[in-house]
Number of protein chains: 2
Amino acid sequence: SAGSVVLVGAGPGDPGLLTLKALRALNEADVILHDRLVGPGVLALARRDATLIEVGKTGGARSTAQERIHALLLEHARAGRRVVRLKGGDPFVFGRGGEELEFLRANGVAYEVVPGITAALACAAYAGVPLTHRDHAQSVRFVTAHCRDSLDTLDWHALAQERQTLAVYMGVAGLETLRERLLAHGRAAATPFALVENGSRESQRVVLGTLGQLPDVANTHKVCTPALLILGEVAALAGALHWYGAPP
Amino acid sequence: SAGSVVLVGAGPGDPGLLTLKALRALNEADVILHDRLVGPGVLALARRDATLIEVGKTGGARSTAQERIHALLLEHARAGRRVVRLKGGDPFVFGRGGEELEFLRANGVAYEVVPGITAALACAAYAGVPLTHRDHAQSVRFVTAHCRDSLDTLDWHALAQERQTLAVYMGVAGLETLRERLLAHGRAAATPFALVENGSRESQRVVLGTLGQLPDVANTHKVCTPALLILGEVAALAGALHWYGAPP
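Once a new chain begins, its residue numbering starts again from 1 and follows that chain's sequence as written. Labels follow written order: the first chain is A, the first ligand is 1, and so on. For a predicted model such as this one, the threshold for reporting local features is a pLDDT of at least 70, and the threshold for listing and counting side-chain atom pairs is 80 or more; totals across whole chains, interfaces and linings nevertheless cover every residue. Hydrogen atoms and water are omitted, and side-chain values are computed over all heavy atoms in the structure.

## As for the overall build of chain A
Secondary structure elements follow DSSP: runs of H or I no shorter than four residues count as helices, runs of E no shorter than two count as strands, and numbering proceeds from the N terminus. For chain A, the helix and strand inventory stands at 10 helices and 10 strands. The reference for a compact globule is 2.2 Å times residues^0.38; the radius of gyration itself is calculated from the C-alpha atoms. The C-alpha radius of gyration of chain A comes to 19 Å, within 12% of the 18 Å expected for a compact globule of 248 residues. Each principal axis of the C-alpha atoms in chain A carries an extent, and together these give about 60 × 35 × 35 Å. We call a residue buried when its accessible area falls under 20% of the maximum for its residue type, exposed when it is over 50%, and partly exposed in between, using a 1.4 Å probe and counting protein chains only. Counting every position in chain A, which comprises 248 residues, the buried fraction comes to 60%. Here, Shrake-Rupley sampling with a 1.4 Å probe gives the accessible areas, and only protein chains in the shown set may cover a residue. When the accessible surface of chain A is split by element, carbon and sulfur atoms take 50% of a total near 9400 Å². Considering chain A, the positive charge centre built from 25 side chains and the negative charge centre built from 24 side chains are found 3 Å apart. For the purpose of counting charges, residues Lys and Arg are taken to be positive, whereas Asp and Glu are taken to be negative. His and the chain ends are not included. Where a charge lies is defined by one atom per residue type, namely NZ (Lys), CZ (Arg), CG (Asp) and CD (Glu).

This is the structure in C-alpha cells:
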C-alpha cells in the first residue's frame, strides 16, 4: 500500500503536552524522523519496532540539510511506510513545515498535519504569563531572532509598539541586538520581560526583568537554550501568577 | 482537603486535539466550568459523575458575567472540589485566563494551567497554511477583531506590514473594517487570505481570496462563526497544500 507522512507537532518536551492525535500517530508510525529537541519522553511513546531517525536542526549544532530530510521522507513514504515527521512545538511556527509539505505535494505523497503546543503557549502557561490580557495586551506576536538575517528583516517600528506581547523564539545570543533595536524604536526600557528556560520541563527556570536590563540579567543567570522570551506588559504578571517550579 | 482549579485549554473542538494533560484533568475533575464553544466530544471525556456548568461567553450570545465565573470557581474550590475551568483553544490567548488566575491567587486558591491548541494553530494545520515560512513570513501575529473597541486600539500601521502573517480571531462582522484599515495603512489589496470556518471540525470550510475582496467573498460564501482569518502571503499556499475536507 502507499505510504504517507504525518507532520506532527511534539510540543515543548513534556509528553503530557502531546495531543491525543499526535500520540496516535506515534503509536502507528513505522518510521519517525524527529528533531533533536524532541524529548526522550515523547520518543518513548513510539512503537518498539519503529525506526527513529534524528534529523535535528537546532541553533548551534550542525544541521541536517533540509534536502536530506526531504529525501528521507520520500524514500520511506515510497517504500509504503507510515512516516511521522516529528517537530518540536508546532510544525507551522518557525518549523519549515510548509517547505516539507510543498515537497511532499510536488512528489505526490499523501500527508496530514497535527498541530502542536508551540513554545510560546507552553512557556506562557507554565510561567503564569497570559499572552493577551484586557488591561495589558490586545495582541501577541511570535518572532524569531535566531540569526542576524532574521533580525535585519523584522519591522522594528511595529515590534516596538506598546500593548502587544512579543514571544521571541531565539538563540540567547540575539538578546543584545533585540534590546538595542527595540529601545531605538521607542519601546520603554521599563517594559517587563520573562525569559523562560526549559519551559514546561522539570528544569524550567523563569528570569524576570525589564527591557533595559535584558542581556545583563540573562548573562547573570546564565540562561541557556532552549529559552523563550516573553516581552510586554503581561510579563510582569509572572511574579504574582507563577505556579510551576521555582518562583522567578 | 483543599480544592483546586486547573485552567485547561480545550483546543478547537476536535477531542483529538486535546493534550494528554487536559484529558487527565477532565478525567479527574469533580466540577467543570466550560465555555459554550467547547464541543460535546470534549465534554464527553469528563467523568460521568462530574458536574458540568456552562459559563459560555461567545460573540453574540448573552455572556455569563466574568464575576459569576469567578464566584463559581471560588465556591467549588472552597468546597474542596477539583475544578476544571475549560476554555476553548488556549487559556492565555484571548481567553481572560489571566484575569481568572489573578482572582484565584488573590483568594488563595491553588491552580495549574494546561495550554491548548489555539484556533490559529489548528486552522493553519488543517487548512495547509504554514503561519511562518522562510520565503513569505518571518512572524505571525494573533489579533482579535471582536468589537469596535478592539479594532480601534490596534496599531494598524504595524498590522499592515508585509511578510508577516495575521491570524485574526473574530466575529465575521469585523471583516469590512479590517479590510478598510489595512488598505488605508498600505497593505496590498492583492494580499491573500484564507478564512477558515469550523477549523479542524468535520464541517470545516476554507474560503480563499485577497484582502481587497475580503468581505464580499465571506458574504458570498455566508461564512459563519466560529471563523478564523489568516491573512498574509502564506495564505495562498492553502490552494496547493490543503489536505483536510473539501478543497478551498
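## Some points on the environment of Glu180(A)
Residues and elements named next belong to chain A. Mapping Glu180 onto the fold places it in helix 8 (residues 175–184). Overall, Glu180 belongs to the partly exposed group, its relative accessible area being 45%. In sequence terms Glu180 and Leu214 are 34 residues apart; their C-alpha atoms lie 9.8 Å from each other.

## A closer look at the packing of aromatic side chains
Classification of ring pairs uses Phe, Tyr and Trp, with its six-membered ring standing for Trp, and accepts pairs whose centres are within 6.5 Å; under 30 degrees between planes counts as stacked, over 60 as edge-to-face, and the remaining range as tilted. A complete count under the given rule lists 11 aromatic pairs over all chains for this structure. Judged by centre distance (4.9 Å) and plane angle (90°), the ring pair of Tyr126(A) and Tyr244(A) falls under edge-to-face. Taken as a pair, Tyr126(A) in helix 5 (residues 119–127) and Tyr244(A) in the segment after helix 10 (238–241) lie far apart in primary sequence, 118 residues in all. Residue Tyr244(A) is classed as partly exposed on the basis of its relative accessible area of 22%. Every member of this aromatic cluster is reached through a ring pair, and the members are Phe94(A), Phe142(A), Tyr169(A), Phe94(B), Phe142(B) and Tyr169(B).

## Structural notes on the relation of the copies chain B and chain A
A residue counts toward the fit only if its pLDDT is at least 70 in both copies, and the copies are then superposed by least squares on the C-alpha atoms of those residues. Note on the copies: chain B fits chain A at an RMSD of 0.0 Å, the axial shift is 0.0 Å, and the rotation between them is 180°. The operation mapping one copy onto its partner corresponds to a two-fold rotation axis. Contacts are residue-level and defined by heavy atoms, with any inter-residue pair within 4.5 Å sufficient. Here 100% of the interface residues in chain B have copies in chain A that are interface residues too; the copies meet face to matching face.

## What to know about the domain arrangement of chain A
Residues and elements named next belong to chain A. An automatic or database domain assignment supplies the start and end points of every domain. Looking at chain A, the domain boundaries give domain 1 (4–114) and domain 2 (119–241). Listed per partner, the contact involves seven residues of domain 1 and nine residues of domain 2. Summed over both partners, the accessible area (1.4 Å probe) lost when two parts come together is defined as the buried area. Counting the surface lost from both domain 1 and domain 2, the interface buries some 750 Å², and carbon and sulfur atoms represent 67% of this. On the domain 1 side of the interface with domain 2, the three residues burying the most area are Pro12, Leu37 and Phe94, jointly 59% of the side's total. Every case where a carboxyl oxygen of Asp or Glu lies within 4 Å of a side-chain nitrogen of Lys or Arg is listed as a salt bridge. Linking domain 1 with domain 2 are zero salt bridges. Ten residue types, Ala, Val, Leu, Ile, Met, Phe, Trp, Tyr, Cys and Pro, are classed as nonpolar, four, Asp, Glu, Lys and Arg, as charged, and the remainder, Gly among them, as polar. Per-class residue counts for the side of domain 1 that touches domain 2 are five nonpolar, one polar and one charged.

## Digging into the nonpolar core
We define the nonpolar core as a collection of buried residues of types Ala, Val, Leu, Ile, Met, Phe, Trp, Tyr and Cys that are connected through side-chain atoms lying within 4.5 Å of one another. Counting residues in each nonpolar core, the largest one holds 130 residues, and the members touching the most others are Val84(A), Leu86(A), Phe142(A), Val84(B), Leu86(B) and Phe142(B). The contacts of Val84(B), once residues within four sequence positions are left out, are Val6(B), Val8(B), Ala25(B), Leu26(B), Ala29(B), Val31(B), Ile32(B) and Leu33(B).

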